[in-house]
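# Chains, contacts and geometry: an overview
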Amino acid sequence: MSKTWRPATQLVHGGTLRSQYGETSEAIYLTQGFVYETSEAAEARFKGETEGFIYARYGSPTNDMFEKRMCMLEGAEDARATASGMAAVTAAILCQLKSGDHIVAARALFGSCRWVVETLAPKYGIDCTLIDGRDLANWEKAITEKTKVFFLESPTNPTLEVIDIAGVAKLANQIGAKVVVDNVFATPLFQKPLELGAHIVVYSATKHIDGQGRCLGGVVLSDKEWIDENLHDYFRHTGPAMSPFNAWTLLKGIETLPLRVRQQTENAAKIADFLAEQGKVAKVIYPGRKDHPQADIIAKQMTGGSTLVAFELKGGKDAAFALQNALEIVKISNNLGDSKSLITHPATTTHKNLTEEARAELGISPGTVRLSAGIEDTDDLIEDFARALAKVSA
């Protein structure tokens, strides 16, 4: 496979394995185990003396193709495909920590991600400090002699804050800590955390990579040494493996990723501009707009905007619900990155388990709404919002 291929080509051809039948579409290897010609061959395989697959929980040809294709896109040496995005997040964090270690995490996290670092990790003696990740000084202040991991999303869910990944990585390198970045909102097309200095990247492949609402999946990407020393055994023995069928589905989805994300981003940008002009909308946050609070960082580390838009309605929860209920094309769902436009009210869905004070700290008000733009006709979407807004009380 050529390393000079551009993303659109990589995502159609990268990592492809063909059987003796020469199939065009990648094969699905639905098997738990593998057969060896001799006992000696089995012994050699288990010793690592010969290449090949041992058990589907460790890996399979279909999963291997998906991992290799993601590595090409991300610029990573190695990857492990997981059953879900949260399996990827949990594995990436816990596989490298022990009791007594310390995590510094940006407080603006997806609800389940925040639960992993704030609630689950402390049960195993791993401390966590949550900070406002927008200010590099906060990362530096939170460091202790036991800090081993920095964890962040950028852009964040749901308020699309952007964190200086290169700046955080520089601080981490000074103390020998690892930076884990959840890159879902930027997609691997618009942001390359490894190139910016991060050490580990995680995705919910459920989102843009499938992008058609069909299956769950996740992936952890890093250098081969880190995966061999940290993730390899954790992955083998705890069993967060992706189903080969899901890996095949994701391989089909990833072929059209650039086409879908391009249209989704174009739609998101135009909807953001439309909403910013509406009197019932208090504010709009979109990484492609010049009025984004971290526009200077976006210019340095992102090559595109986002498929997501966050906005706040002046009428609070009642207005948010009225808008969502009045939309015809845009569907109410907590998923994102889909070819269908989806909208959700974070305070009552994805971030409902946070306290009201914690939501306020993150900028999630009762009127905050998160839109995931799909690939529908742009004018149809804008007209849908115009009709729905007309039904919202001033």
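Described in the following lines is the structure provided in the data block. Everything numeric in this text was worked out from a predicted model, so none of it was measured.

Let's shift gears to helix α5 (residues 111–123). Counted at 1.5 Å a residue, the expected span for α5 with its 13 residues is 18 Å, and the 18 Å between its end C-alpha atoms agrees. The largest bend in α5 comes to about 30°, at V117. Along α5, the positions that sit buried rather than exposed are G111, C113, R114, V116, V117, L120 and A121. On its buried face, α5 sits against α4 (85–94), β2 (102–106), β3 (127–131), β4 (147–153), β5 (178–182) and α15 (356–362). Directly beyond the C-terminal end of α5, a positive phi value near 80° is found at G125.

Residues F66, M70, Y203, I209, V219, L221 and L250 are the most contacted members of the largest nonpolar core, which totals 32 residues. Within the residue set of this core, elements represented by two or more residues are α3 (61–74), β1 (78–82), β6 (200–204), β7 (218–222), α11 (244–255), α12 (257–276) and β9 (308–313). With five residues, the single largest contributor to this core is α3. Residues within four places of L250 in sequence aside, it is in contact with F66, A205, I209, D210, C215, G217 and M242.

Okay, the sheet that holds β6 next. Reading across from one edge, β1-β7-β6-β5-β4-β2-β3 is the order of the seven strands in this open sheet, with mixed pairing throughout. Each of the sheet's edge strands pairs with one partner strand only, and the pair in question is β1 and β3. Adjacent strand axes in the sheet meet at a mean angle of 20° when their direction is disregarded. As paired elements, β4 and β5 share five bridges and run parallel to each other. Its bridge partner lying in β5, L152 is registered against V181. Seen against the sheet, helix α7 (residues 165–175) touches β4 and β5 and runs at an angle of roughly 170° to β4. Most of the contacts of helix α10 (residues 224–238) go to β1, to which it runs at about 25°, and overall it touches β1, β5, β6 and β7.

A cluster of nonpolar side chains, I28, L30 and F245, forms an exposed patch at the surface whose accessible area comes to about 280 Å². For F245, the position within the fold is in helix α11. Judged by its relative accessible area of 40%, F245 falls in the partly exposed class.

Time to look at the sheet that holds strand β11 (residues 342–344). One open sheet holds the five strands; their spatial order is β8-β9-β12-β11-β10, and the pairing between them is mixed. Every interior strand has two partners, whereas the edge strands, β8 (281–285) and β10 (331–332), have only one. Where β8 lies against β9, four bridges are found, and the strand directions are antiparallel. Counted as the bridge partner of V281 is L313 from β9.

Conventions we followed
Residues numbered from 1 in each chain as written. Predicted model: local features only at pLDDT ≥ 70, side-chain atom pairs only at ≥ 80, totals over all residues. Heavy atoms only, no water. Helix = DSSP H or I, 4+ residues; strand = E, 2+ residues; numbered from the N terminus. Expected span 1.5 Å × (residues − 1). Bend = angle between axes of the 7 residues up to and from the residue. Buried < 20%, exposed > 50% of the residue type's maximum accessible area, 1.4 Å probe, protein only. Contact = heavy atoms within 4.5 Å. Core = buried A, V, L, I, M, F, W, Y, C linked by side-chain atoms within 4.5 Å. Pairing = 2+ DSSP bridges. Axes fitted to C-alpha atoms, helices over the stretch in contact; angles between N-to-C directions. Patch = residues over 30% accessible without salt bridge, like charges linked within 9 Å, V, L, I, M, F, W, Y side chains within 5 Å. Areas by Shrake-Rupley, 256 points an atom, 1.4 Å probe, with all protein chains shown as cover. Salt bridge = Lys/Arg side-chain N within 4 Å of Asp/Glu carboxyl O.

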